[in-house]
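Structural overview
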Amino acid sequence: MNFKIFGILGISFAVFSFVACGDDSSSGANDNETSEALGPMEMLTTPEQEATAKTLKDIAKGKLYSIEYNSDYLLDDAIETGASHSSLELVKFVYSRLLKLPTSQATKAKIDAGCSAFCVKTPDGDVICGRNFDYRFVSSANVLVQNTPISKGEFKSLSIAAMPFLDAEKFVAGSLSNGKMDISPVIAVPYLGMDGMNDKGVFISVLSLDGGKGGAAQHEEGKKPITPSVGIRFVLDRAESVEDALDIFKSHNFFADGDSSAKSYHFIIGDATGHTVLMEYIQPEGKKEWVMNVLDGQNFATNMYMSEGWEKFGVGADRLEKIREKLAEKKNVLTEEEAMDLLQAVSQELDPKEVTSNTQWSAVYNLTKKTVTICVDKDFTQKYDFAL
């Protein structure tokens, strides 16, 4: 199935297409697309939000939806007001500024990320990045966000957002298409992205880090705060290169999740030139403040620290070794199919005691062609292909 939307007379122009395909070449998108049953939208505040919400489509049996986002999510306001200091403050900002929802309903919000990621080249020279998003949601409704910027100088992007971070009990598989639940909260998806790529060929993916020395927090005077998901949104909107992405993080104070988090994060960032870095936050010995450490050329990661002296901290050492061995064997050259096979090899089943368990989606982004292939909930026989 392909669908396209063309704007006229000054309205935004966007193209968004997807194809679903399985091992049986005769299967197509219509075999998996769920009939639309959008619920009420009573908490929206603008016509643009309503137009955006009405593009919501169920494309993978309630486990993956798509949305064409063309509404203002007030990114600069979120940063300037300090709402991007923690996930709770960020969701309160969304509920009070973007929606007509009481901030008291934000109490279950918590944004996190497990995961494995890598960037390599194909035999044809395309730059691709593979990413598993792992989290212990038993059931989840996730949204592929096709973002068309409304501000000059920003870029189109594709990203994948995890709705259960707003409320894991509420946003389960199928919840956004049951025809009963108010779907207004989908307006929050720009702030729930865990990985993505923009039309300049910049890719970013966040991975959590545990077992270190507390939670990453920076307090440099004169800098505004950003959390992981806000950083991802900022990069997708405004970075043209890895260097631009790093400058965005350098110019802000990074908070894992406010001042009381027990963990840190690192990010795989790549661009269409083939430049890839691993950027993680560490706390130097004897220092109070956390600092950004950039491992230039490091093209894979799981949930293990990789900065010198920190390698013993974290989880996912087995996944890290599998990726390391495969990339060494293949000399950092994989086809897109091989990249997805590697993601399957390091995918995880649910372990309720382990935050970084249970692969929710696997995605292979092509930064050269600006496409992404997604498998949902460890079903690697069914692939969904999208293009910017």
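Structural data are supplied above this passage.
These notes cover the structure that comes with them. (Residues numbered from 1 in each chain as written. Predicted model: local features only at pLDDT ≥ 70, side-chain atom pairs only at ≥ 80, totals over all residues. Heavy atoms only, no water.)

Observations regarding the overall build of the protein chain
Scanning the protein chain from terminus to terminus reveals seven helices and 21 strands. The burial tally for the protein chain puts 57% of its 388 residues in the buried class. Counting contacts in the protein chain only where the partners sit at least 6 residues apart, residues at least 24 apart contribute 67% of the total. By element, 50% of the accessible surface of the protein chain is carried by carbon and sulfur atoms, the whole surface being about 15300 Å². (Helix = DSSP H or I, 4+ residues; strand = E, 2+ residues; numbered from the N terminus. Buried < 20%, exposed > 50% of the residue type's maximum accessible area, 1.4 Å probe, protein only. Contact = heavy atoms within 4.5 Å. Areas by Shrake-Rupley, 256 points an atom, 1.4 Å probe, with all protein chains shown as cover.)

Some points on the state of the cysteines
Considering all chains together, one arrives at one disulfide under this definition. With a sulfur-sulfur separation of 2.1 Å, Cys-119 is cross-linked through a disulfide to Cys-129. Its S-S torsion of approximately 105 degrees makes the covalent link between Cys-119 and Cys-129 right-handed. With Cys-119 in strand β5 (residues 116-121) and Cys-129 in strand β6 (residues 127-134), this pair connects stretches of sequence that are ten residues apart. Accessibility classification places Cys-119 together with Cys-129 in one group, the buried group. (Disulfide = S-S within 2.5 Å.)

Description of the nonpolar core
Among the nonpolar cores identified, the biggest contains 119 residues, and Phe-118, Leu-176, Tyr-191, Phe-267 and Ile-374 are the most heavily contacted of them. If near-sequence neighbours (up to four positions away) are discounted, Phe-118 is found in contact with Ile-128, Cys-129, Gly-130, Asn-299, Phe-300, Ile-323, Leu-327, Leu-334, Ala-339, Leu-342 and Leu-343. (Core = buried A, V, L, I, M, F, W, Y, C linked by side-chain atoms within 4.5 Å.)

Brief notes about helix α7 (residues 336-345)
In an α-helix there are 3.6 residues to a turn, and that puts residues three or four apart on one side. Burial in α7 covers these residues: Ala-339, Met-340, Leu-342 and Leu-343. In a view along the axis of α7, the buried residues occupy a sector of 155 degrees, so they form one face of it. Looking at the buried positions of α7, the neighbouring elements they touch are β5, β6, α6 (317-329), β19 (359-366), β20 (371-376) and β21 (382-387). (Arc of directions from axis to C-beta.)

Let's talk about the sheet that holds strand β8 (residues 157-162)
Strand order in the open sheet formed by nine strands is β3-β4-β7-β8-β9-β10-β13-β14-β15, and the pairing between neighbours is mixed. Bordering the open sheet on either side are β3 (57-58) and β15 (291-296), each of which pairs with just one other strand. Pairing of β8 with strand β9 (residues 193-198), which is carried by five bridges, proceeds in the antiparallel orientation. Residue pairing for β9: Leu-158 is matched across the bridge by Met-197. Strand contacts of helix α4 (residues 228-238): β7 (142-147), β8, β9, β10 (203-209) and β13 (264-270), with the helix running at about 10 degrees to β9, the strand carrying the most contacts. (Pairing = 2+ DSSP bridges. Axes fitted to C-alpha atoms, helices over the stretch in contact; angles between N-to-C directions.)

Here's the deal with α6
With 13 residues, α6 extends 18 Å between its outermost C-alpha atoms, agreeing within 8% with the 18 Å of an ideal straight helix rising 1.5 Å per residue. Looking one or two residues beyond α6, the residue adopting positive phi is Lys-331, at roughly 55 degrees. (Expected span 1.5 Å × (residues − 1).)

Structural notes on the environment of Ser-175
Examined against the element boundaries, Ser-175 turns out to sit in the loop between β8 and β9. You can call Ser-175 buried: its relative accessible area is 5%. When the C-alpha positions of Ser-175 and Gly-62 are compared, they lie 7.0 Å apart, and in sequence the two are 113 residues distant. Setting aside residues no more than four positions away along its own chain, Ser-175 makes contact with Tyr-65, Ala-141, Lys-170 and Met-181.

Notes on the pairing of β5
Judged by how many residues are buried, β5 sits mostly within the fold: five of six residues are covered. Hairpin geometry of β5 and β6 is characterised by an intervening segment of five residues between the two adjacent antiparallel strands and by a positive phi of about 95 degrees at Gly-125. Relative to strand β16 (residues 300-301), β5 runs antiparallel, the two being bridged by two bridges. What sits directly across from Ala-117, in β16, is Ala-301.

Looking at the packing of aromatic side chains
Across all of its chains, the model carries 16 aromatic pairs by this definition. Ring centres of Phe-254 and Phe-267 lie 6.0 Å apart, and the angle between their planes is 85 degrees; this geometry places the pair in the edge-to-face category. Note that Phe-254 is positioned in strand β12 (residues 253-254) and Phe-267 in strand β13, a separation of 13 residues in sequence. Taken individually, Phe-254 and Phe-267 each receive the classification buried, so the pair is uniform in this respect. An aromatic cluster is built from Phe-133, Tyr-135, Phe-137, Phe-165 and Trp-361, whose rings are joined through pairwise contacts. (Phe/Tyr/Trp six-rings, centres within 6.5 Å; stacked < 30°, edge-to-face > 60°.)

So, unusual backbone geometry
Despite not being glycine, Lys-370 has its phi angle at roughly 60 degrees, a positive value. Within the element layout of this structure, Lys-370 appears in the loop between β19 and β20. One non-glycine residue, Asp-377, lies in positive phi territory at about 55 degrees. When you line up the elements, Asp-377 lands in the loop between β20 and β21.

Structural notes on the pattern of salt bridges
If you walk through the whole model with that rule in mind, you get 15 salt bridges. A salt bridge links Arg-238 to Glu-154; its shortest N-O distance comes to 3.1 Å. In this pair, Arg-238 sits in helix α4 while Glu-154 sits in the loop between β7 and β8, placing the two residues 84 residues apart along the sequence. Here Asp-377 ties to Lys-378 by a salt bridge, and the two come within 3.2 Å at their closest N and O atoms. Linked by salt bridges that have partners in common, Lys-63, Asp-377 and Lys-378 make up one network. (Salt bridge = Lys/Arg side-chain N within 4 Å of Asp/Glu carboxyl O.)

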